[in-house]
Amino acid sequence: MQSWIPFVPESASTESGNVDALYFYLSGVTVFFTLLIGFVITFFAIRYRRRTPYEIPRPIAGSHTLESLWSVIPFVIAMSFFVWGAGLYFRNSRPPENALEVYVVGKQWMWKFQHSTGQREINVLHVPIGRKVKLIMTSEDVIHDVFIPAFRIKTDVVPGRYSSQWFEATKPGEYHLFCAEYCGMNHSLMTGKVVVMEPPAFNDWLSGNANQQSPAVAGQQLFQTLGCASCHGASGEGGRGPSLIGVFNSNVQLANGQTVRADEGYIRESILNPQAKLVSGFGPIMPTFQGIVSEEQLVQLIAYVKSLSSQPSSSPTPAPRAPAK
Ligand code: CUA
């Protein structure tokens, strides 16, 4: 829509038009007042110039009306920036429920992506148009920042926690992906691209790369090899740790009386620092896995824990395991 303005990147997501609208409003208000103030300064300098060498200006008494106006009008204008911007920010920082999930791990100096069906990519991310895509992001070393100008999104990727961001692409094509946080010597080379495809082409691409294990399956194997299952048995065996079925996204009662929502960040913390938020009714017996599991393995373990909640076991009617005869 604004391709005639130089340096404005292509607009290729559902939200990019809204971000542009706010940006042009800000620019418009700024230009308007810059011109207005410049004009008024020039006009007054000429109109009220000193005409004789010993001229003494007429004394001016203050005006409450004028002072109120030049306080209230800028306040209203500034609040319009704030309300509009905050609305956009909240909408864009709350990923929708049914989004396609992609795990992103940043490291010096590359981007690693993994789809929930297992496909891995480096510095290239394939996504379909017309689907909401949620990025679940973390870093292996320092702070990076995912910046996709065509989608108008930019989010820090921080070691030690998960941040998320979502978008819905609207136009097939290839778009720049930048790291927007100075992260060391090769920061400027930490770039990539997002390939947006029509859904059939995307499905072809996915199935053409399907030889990789999904994170949830890899996580299940890790869960066995790390010995997690002996305490957190999938169907309650073990019993020394809480069962993990249905835990993801639920509210967990903690030993200290508080409640916490079991999101990605909570599960990650409970693996690395198990005593931080101990579940009510269980002792502080779990060892830390800090330094034992990598960021990617954490992603896999979390994907596995998630998969334990998305199964039909959460439906009110149990599976017809024993039909009455
Ligand atoms: Cu990563 Cu800059």
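Residues numbered from 1 in each chain as written. Predicted model: local features only at pLDDT ≥ 70, side-chain atom pairs only at ≥ 80, totals over all residues. Heavy atoms only, no water.

Caption draft 1: Just the overall build of the protein, in detail. For the protein, the helix and strand inventory stands at six helices and twelve strands. Computed over its C-alpha atoms, the radius of gyration of the protein comes to 28 Å, more than 25% above the 20 Å expected for a compact globule of 325 residues. Its C-alpha atoms give the protein principal-axis dimensions of roughly 105 × 50 × 50 Å. The long-range fraction of contacts in the protein, counting pairs at least 24 apart against all pairs at least 6 apart in sequence, stands at 64%. Entry remark: accessible area of the protein is about 19,500 Å², with carbon and sulfur atoms responsible for 61%. Put simply, the protein has 25 plus and 23 minus side-chain charges, and the middle of one group is 6 Å from the middle of the other. (Helix = DSSP H or I, 4+ residues; strand = E, 2+ residues; numbered from the N terminus. Rg over C-alpha atoms; globule rule 2.2 N^0.38 Å. Contact = heavy atoms within 4.5 Å. Areas by Shrake-Rupley, 256 points an atom, 1.4 Å probe, with all protein chains shown as cover. Lys, Arg positive; Asp, Glu negative; His and termini not counted. Charge placed at Lys NZ, Arg CZ, Asp CG, Glu CD.)

Caption draft 2: Representation of the packing of helix H4 (residues 215–225) against helix H6 (residues 295–307) within the structure. In the contact formed by H4 and H6, the axes pass within 7 Å of each other and the chain directions differ by 100 degrees. With respect to H6, the axis of H4 lies roughly perpendicular. Counting all contacts with H4, which are made through Pro215, Ala216, Ala218, Gly219, Gln220, Leu222 and Phe223, the residues of H6 involved are Gln297, Gln300, Leu301, Ala303, Tyr304 and Ser307. The residue inventory of the contact of H4 with H6, partitioned by class, reads eight nonpolar, five polar and no charged. (Axes fitted to C-alpha atoms, helices over the stretch in contact; angles between N-to-C directions. Parallel < 35°, antiparallel > 145°, perpendicular 65-115°, else oblique. Nonpolar A, V, L, I, M, F, W, Y, C, P; charged D, E, K, R; others polar.)

Caption draft 3: Summary view of helix H1 (residues 16–47). Its 32 residues give H1 an end-to-end C-alpha distance of 46 Å, which sits within 8% of 46 Å, the value for a rise of 1.5 Å per residue. Where H1 is concerned, the buried positions are Ser16, Asp20, Leu22 and Val29. On the buried face of H1, the contacting elements are helix H2 (64–93). (Expected span 1.5 Å × (residues − 1). Buried < 20%, exposed > 50% of the residue type's maximum accessible area, 1.4 Å probe, protein only.)

Caption draft 4: Local environment of the packing of aromatic side chains. According to the stated counting rule, one finds 13 aromatic pairs in the structure shown. An angle of 40 degrees between the planes, with centres 6.2 Å apart, marks the rings of phenylalanine 147 and phenylalanine 178 as tilted. In this pair, phenylalanine 147 sits in strand S6 (residues 144–148) while phenylalanine 178 sits in strand S9 (residues 173–179), placing the two residues 31 residues apart along the sequence. A relative accessible area of 25% places phenylalanine 147 in the partly exposed class. Seen from their ring centres, phenylalanine 151 and tyrosine 175 are 5.7 Å apart, and the 55 degrees between their planes marks the pair as tilted. Placement of the pair is phenylalanine 151 in the loop between S6 and strand S7 (153–157) and tyrosine 175 in strand S9, with a sequence separation of 24 residues. The two residues phenylalanine 151 and tyrosine 175 agree in class, both being buried. Here a set of aromatic residues connected by ring pairs shows up, and it is made of Phe39, Phe43, Phe44 and Tyr48. For the cation-ring pair, lysine 154 lies above phenylalanine 147, with the distance from its terminal atom to the ring centre recorded as 4.8 Å. Taking the ring centre of tyrosine 162 as reference, the NZ or CZ of arginine 268 above it sits at 5.2 Å. (Phe/Tyr/Trp six-rings, centres within 6.5 Å; stacked < 30°, edge-to-face > 60°. Lys NZ or Arg CZ within 6 Å of the ring centre and 35° of its normal.)

Caption draft 5: Region of interest: the domain arrangement of the protein. Per the domain assignment, the segments making up the protein are domain 1 (100–208) and domain 2 (215–310). Here the C-alpha centre of domain 2 lies 26 Å away from the C-alpha centre of domain 1. With 18 residues of domain 1 at the contact, the number on the domain 2 side is twelve residues. Summed over both partners, the interface of domain 1 with domain 2 buries about 1,200 Å², with 54% contributed by carbon and sulfur atoms. (Domains from an automatic or database assignment. Buried area = accessible area lost by both parts, 1.4 Å probe.)

Caption draft 6: Molecular detail of the nonpolar core. Core analysis: the largest hydrophobic core is formed by 32 residues, its most contacted members being Val104, Trp111, Leu135, Val146, Phe151 and Val196. Top element by residues in this core is strand S10 (residues 192–197). It accounts for four residues. Setting aside anything within four residues of it in sequence, one finds valine 146 in contact with Val104, Trp111, Leu135, Met137, Ile153, Lys154, Thr155, Val157, Leu177 and Phe178. Counting residues in hydrophobic clusters, the runner-up holds 30 residues, among them Tyr103, Phe223, Ile267 and Val299. (Core = buried A, V, L, I, M, F, W, Y, C linked by side-chain atoms within 4.5 Å.)

Caption draft 7: Representation of the sheet that holds strand S1 (residues 100–107) within the structure. Pairing is mixed across the open sheet formed by five strands, whose spatial order is S3-S2-S1-S5-S8. Whereas interior strands pair on both sides, the edge strands pair on one side only; in this sheet they are strand S3 (120–122) and strand S8 (163–168). Neighbouring strand axes in the sheet, compared pairwise and without regard to direction, differ in orientation by 25 degrees on average. Inspection of the sheet shows S1 paired to strand S2 (residues 110–115) by six bridges, in the antiparallel sense. The residue bridging glycine 106 from the neighbouring strand is tryptophan 111, located in S2. (Pairing = 2+ DSSP bridges.)

Caption draft 8: Region of interest: the environment of isoleucine 292. Position of isoleucine 292 among the secondary structure elements: in the loop between helix H5 (264–272) and H6. The spacing of isoleucine 292 and leucine 226 is 66 residues in sequence and 9.3 Å in space, taken between C-alpha atoms. The contacts of isoleucine 292, once residues within four sequence positions are left out, are Leu226 and Gln297.

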